Amino acid sequence: MIRSFLIALTLCVATVSQAQAQNLWWWQQKIDWSFSVDQLDSRTMSNWIQTQGDDLVLFDVREADEHKVSHLPNAIQVSPNMTADEFKRRFGGLLQNRKAIFYCSIGWRSSDFADRMAPVLAELGVESSHNLRGGIFRWHNEQRQLTDSQGATDWVHPFDQDWGGLVNRQQMTSYVER
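Residues numbered from 1 in each chain as written. Predicted model: local features only at pLDDT ≥ 70, side-chain atom pairs only at ≥ 80, totals over all residues. Heavy atoms only, no water.

**Q** Let's hear about the overall build of the protein: which residues, and what values?
**A** Helix and strand counts for the protein stand at eight helices and seven strands. When each of the 178 residues of the protein is scored for burial, the buried share is 44%. The long-range share in the protein, meaning contacts at least 24 apart out of those at least 6 apart in sequence, stands at 69%. Looking at the protein as shown, the accessible area adds up to about 9,700 Å², and 51% of this sits on carbon and sulfur atoms. (Helix = DSSP H or I, 4+ residues; strand = E, 2+ residues; numbered from the N terminus. Buried < 20%, exposed > 50% of the residue type's maximum accessible area, 1.4 Å probe, protein only. Contact = heavy atoms within 4.5 Å. Areas by Shrake-Rupley, 256 points an atom, 1.4 Å probe, with all protein chains shown as cover.)

What follows is the structure, encoded as structure tokens:
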């Protein structure tokens, strides 16, 4: 009887874990608990882009192939593995008195990156730094504007099959640029 109970419990935990992996909200909570960077909701971000565009610097903290499929307008692609010294050298002159906003697929890589860059951002005189809550997947799920090298697009890179499950419009995912 105890063995049957343990098997049933294991199956329930596995099912809950799979459901959580497909739940963007759950991942956002985990990101909130794991990183110190301010999490910016998409509505505020959209408003800032419209009203403060020149005062923002957007960083897409995904790999180049992900960025090529789509990105937020005017976002600069940076490798999630970029060092603080390289970031400072490449973007130091661009950031003073501006807001730095980071995003990736769901917010994990970009929150980690923003936390690692926090001392550099402070040294460079960044007004504030933020991570886009829910990343490009939430942005895409809310049907907000994305671009690629050809202009506006509805496509988004799913990262992989499992993470891509967090994208609502599965038919609009692609691993290659159009």
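**Q** Describe in detail the packing of aromatic side chains, supporting the description with residues and values.
**A** Applying the stated criterion to the full structure yields eleven aromatic pairs. Note on F87 and F91: the rings are 5.2 Å apart at their centroids and 55 degrees apart in plane angle, and the pair reads as tilted. Of this pair, F87 and F91 both sit in helix α5 (residues 84-95), four residues apart, which is roughly one turn of the helix. For the pair F87 and F91, one class covers both residues: buried. Between F87 and F102, the ring centres sit 6.4 Å apart and the planes meet at 40 degrees, which makes this aromatic pair tilted. Placement of the pair is F87 in helix α5 and F102 in strand β4 (residues 99-103), with a sequence separation of 15 residues. Exposure remark for F87: the relative accessible area of 0% places this residue in the buried category. Looking at F102, the relative accessible area reads 0%, which means it is buried. (Phe/Tyr/Trp six-rings, centres within 6.5 Å; stacked < 30°, edge-to-face > 60°.)

**Q** Break down the pattern of salt bridges for me, with residues and values.
**A** Applying the stated criterion across every chain, the model contains nine salt bridges. As a salt-bridge pair, R62 and D60 come within 2.8 Å of each other at their nearest N and O atoms. (Salt bridge = Lys/Arg side-chain N within 4 Å of Asp/Glu carboxyl O.)

**Q** Run through the layout of surface pockets, naming residues and quoting values.
**A** For the largest pocket, the calculated volume is near 170 Å³. Around the largest pocket, the lining residues are I49, G53, L56, V57, L58, P73, N74, I76, L94 and R98. Broken down by element, the lining of the largest pocket gets its largest block of residues, three residues, from strand β2 (residues 56-60). Taken together, the residues of the lining of the largest pocket sort by class into seven nonpolar, two polar and one charged. (1 Å grid on protein atoms, 1.4 Å probe; cavity = no way out; pocket = protein on both sides within 12 Å on 5 of 7 lines; lining within 4 Å. Points joined across faces, edges and corners; volume = space filled by probe spheres on them. Nonpolar A, V, L, I, M, F, W, Y, C, P; charged D, E, K, R; others polar.)

**Q** An account of the sheet that holds β4 is needed here, citing residue identities and associated values.
**A** Strand order in the open sheet formed by five strands is β1-β5-β4-β2-β3, with parallel pairing between adjacent strands. Only two strands of the sheet have a single partner each, and these edge strands are β1 (38-40) and β3 (76-77). Packed on one face of the sheet, helix α3 (residues 42-52) meets β1, β2, β4 and β5 (128-132) and runs near 130 degrees to β2. Here α5 sits on the sheet in contact with β2, β3 and β4, set at roughly 155 degrees to β2. (Pairing = 2+ DSSP bridges. Axes fitted to C-alpha atoms, helices over the stretch in contact; angles between N-to-C directions.)

**Q** Outline the pairing of β5, supporting the account with residue identities and numerical values.
**A** Sheet topology places β1 next to β5; three bridges connect them, and they run parallel. When the sheet's bridge partners are listed, D38 is paired in β5 with H130.

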